[in-house]
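A look at the structure
Below are the chains, spelled out letter by letter.
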Amino acid sequence: MKKATVLLLVFVLLVGMLPLSMAAAAPVSDLTSLAAYMPADTSMYIGLRTDDAFIAELDGLLNLVVNRLPAGAVPPINLNDLLDMGIANAVPGGDFRSVVRSWLGDTAAIGVLNLAEAYNPVSLRMEDPPVVFAASVTNRAAVEELVDLLVADLLDAGLIERGEEGPFTTYKMTGRQPGNASILIGDDVLLVVSGPLESVLQFPGGSLADNEAFTGAFDLLPAESYNILVY
């Protein structure tokens, strides 16, 4: 467990330090564009590239880290093979390129919402705050077709309801099973929310993209392009 944790930490640090000569980094505006789908008080935002060139860089970097570990500590890793295996488990006969790359854009983001309110003073424990995963989309119809396939059994059983909310196609729990995760698909974005739809549909205080502290922080960065940004 400790080896895996150390490997992950080293990997994340190295990804953040990838020089521009190694990868065609994305403009700050691209990496922060998905903040428009998160509320202004979002506690943490991570924006990253998802293009093929960056996945290839990650694969090389991951193996660079693995090769520095004691022999046999971690088996050889091929990121593309791992992606293909993950997709094949969900879509038999599918692979990353045919099932996901056909609609996935060049950036994604993760937002942690209301971290300050996650502490439960009654139980004296930290509860899981809502988390939003956002990905840029180039083919809305392909995303909807994939999600329909993945949740077909749940739709038939009445455990998930498909609908429309403004510009989004939505998939949300019906209350007949634990959890309230939601999926929203727009013309250029896929949102997966570990919470109610309102988390990404209603922004009384504006979106994170309108937060001056958020935009101001990135205005201070020395370069115009990066591989990953963390706020």
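The coordinates are above.
Scoring rules and cut-offs
- Residues numbered from 1 in each chain as written.
- Predicted model: local features only at pLDDT ≥ 70, side-chain atom pairs only at ≥ 80, totals over all residues.
- Heavy atoms only, no water.
- Helix = DSSP H or I, 4+ residues; strand = E, 2+ residues; numbered from the N terminus.
- Buried < 20%, exposed > 50% of the residue type's maximum accessible area, 1.4 Å probe, protein only.
- Polar contact = N/O pair within 3.5 Å; in protein donor to acceptor, adjacent residues only side chain to side chain.
- Pairing = 2+ DSSP bridges.
- Axes fitted to C-alpha atoms, helices over the stretch in contact; angles between N-to-C directions.
- 1 Å grid on protein atoms, 1.4 Å probe; cavity = no way out; pocket = protein on both sides within 12 Å on 5 of 7 lines; lining within 4 Å.
- Points joined across faces, edges and corners; volume = space filled by probe spheres on them.
- Nonpolar A, V, L, I, M, F, W, Y, C, P; charged D, E, K, R; others polar.

Turning to the side chain of asparagine 227, a few remarks are in order. Structurally, asparagine 227 can be placed in the loop between strand S11 (225-226) and strand S12 (228-230). Note on asparagine 227: relative accessible area 3%, which makes it buried. Within the local environment of asparagine 227, its side chain forms a polar contact with the side chain of arginine 49, the two groups lying 2.7 Å apart.

Spatially, the 8 strands line up as an open sheet ordered S7-S8-S9-S10-S6-S3-S2-S12, and their pairing is antiparallel. Single-partner strands in this sheet number two, and they are strand S7 (160-165) and S12. The sheet shows a mean angle of 15° between the axes of neighbouring strands, taken without regard to direction. Across 4 bridges, strand S9 (residues 182-185) lies against strand S10 (residues 189-193) in antiparallel orientation. Residue isoleucine 185 lies in a different strand from S10, and its bridge partner there is leucine 190.

This paragraph deals with the layout of surface pockets. Empty space within the second largest pocket amounts to approximately 200 Å³. Surrounding the second largest pocket, 15 residues form its lining, Trp103, Leu146, Val147, Leu150 and Leu190 being those nearest its centre. When residues in the lining of the second largest pocket are grouped by element, the largest group, 4 residues, is from helix H6 (residues 140-150). Counted by class, the lining of the second largest pocket contains 14 nonpolar, 1 polar and no charged residues.

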